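Descriptive structure summary
The lines below spell out each chain.
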Amino acid sequence: MFKVKVYVTLRESVLDPQGKAVTHSLQSLNYPEVSDVRIGKYMELTIEKSERDLDEVINEVCSKLLANPVIEDYRYEVEECVPQ
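Now for a quick tour of the structure. (Residues numbered from 1 in each chain as written. Predicted model: local features only at pLDDT ≥ 70, side-chain atom pairs only at ≥ 80, totals over all residues. Heavy atoms only, no water.)

**Brief notes about the nonpolar core**
Soluble globular proteins: nonpolar side chains tend toward being buried together. Core analysis: the largest hydrophobic core is formed by eleven residues, namely Phe2, Val4, Val6, Val8, Met43, Ile47, Leu54, Ile58, Cys62, Leu66 and Ala67. For this core, the secondary structure elements donating two or more residues are β1 (2-10), β2 (40-47) and α2 (54-66). Aside from chain neighbours lying at most four places away, what touches alanine 67 is Val8, Cys62, Glu72 and Tyr74. (Core = buried A, V, L, I, M, F, W, Y, C linked by side-chain atoms within 4.5 Å. Buried < 20%, exposed > 50% of the residue type's maximum accessible area, 1.4 Å probe, protein only. Helix = DSSP H or I, 4+ residues; strand = E, 2+ residues; numbered from the N terminus. Contact = heavy atoms within 4.5 Å.)

Set out below in structure tokens:
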């Protein structure tokens, strides 16, 4: 069994209005050292061992459902875990 941590972020070339709003709010709350914020998504998946290649399964799940490949990038980390 594997625990997969997936991080989805907007591509650098895509404007992030939500991130800009958070940046502006933080600066107005007297945090001038915060110069930029990018908003993303974090997900944890539990994947059972199978005959399929784990990286192949994760890439399919991310590109078909979890991330929009036109405007988002994703990366992931895999941990083997003990079933509870």
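**A closer look at the pattern of salt bridges**
Considering all chains together, one arrives at nine salt bridges under this definition. Across the pair lysine 41 and glutamate 72 runs a salt bridge, and its minimum N-O distance is 3.5 Å. With lysine 41 in strand β2 and glutamate 72 in strand β3 (residues 72-80), the pair connects residues that are 31 residues apart, well separated along the chain. When its relative accessible area of 40% is taken as the criterion, lysine 41 is described as partly exposed. The closest approach of N and O atoms between glutamate 60 and arginine 52, which form a salt bridge, is 2.7 Å. In this structure glutamate 60 comes out as partly exposed when scored by relative accessible area, which is 27%. With a relative accessible area of 42%, arginine 52 lands in the partly exposed category. Several salt bridges converge on common partners, so that one network encompasses Arg52, Glu56 and Glu60. (Salt bridge = Lys/Arg side-chain N within 4 Å of Asp/Glu carboxyl O.)

**Re the environment of arginine 38**
Take arginine 38: it is sitting in the loop between α1 (17-28) and β2. Owing to a relative accessible area of 33%, arginine 38 belongs among the partly exposed residues under this scheme. Residues arginine 38 and valine 8, spaced 30 residues apart in sequence, show a C-alpha to C-alpha distance of 11 Å. Within polar-contact distance, the side chain of arginine 38 engages the backbone oxygen of leucine 10 at 3.5 Å. Engagement of the side chain of arginine 38 in a polar contact is seen with the backbone oxygen of valine 14, the distance being 3.2 Å. (Polar contact = N/O pair within 3.5 Å; in protein donor to acceptor, adjacent residues only side chain to side chain.)

**Concerning the packing of aromatic side chains**
Centre distance and the angle of the planes are the two values used to describe a pair of aromatic rings. By the definition in use, this model includes one aromatic pair. Judged by centre distance (5.1 Å) and plane angle (45 degrees), the ring pair of tyrosine 7 and tyrosine 42 falls under tilted. One end of the pair, tyrosine 7, is in strand β1; the other, tyrosine 42, is in strand β2, with 35 residues separating them in the sequence. The class for tyrosine 42 is partly exposed, based on a relative accessible area of 41%. The ring of tyrosine 7 is capped by arginine 75, whose NZ or CZ atom sits 4.1 Å from the centre of that ring. (Phe/Tyr/Trp six-rings, centres within 6.5 Å; stacked < 30°, edge-to-face > 60°. Lys NZ or Arg CZ within 6 Å of the ring centre and 35° of its normal.)

Distances and angles like these do not, on their own, reveal function.
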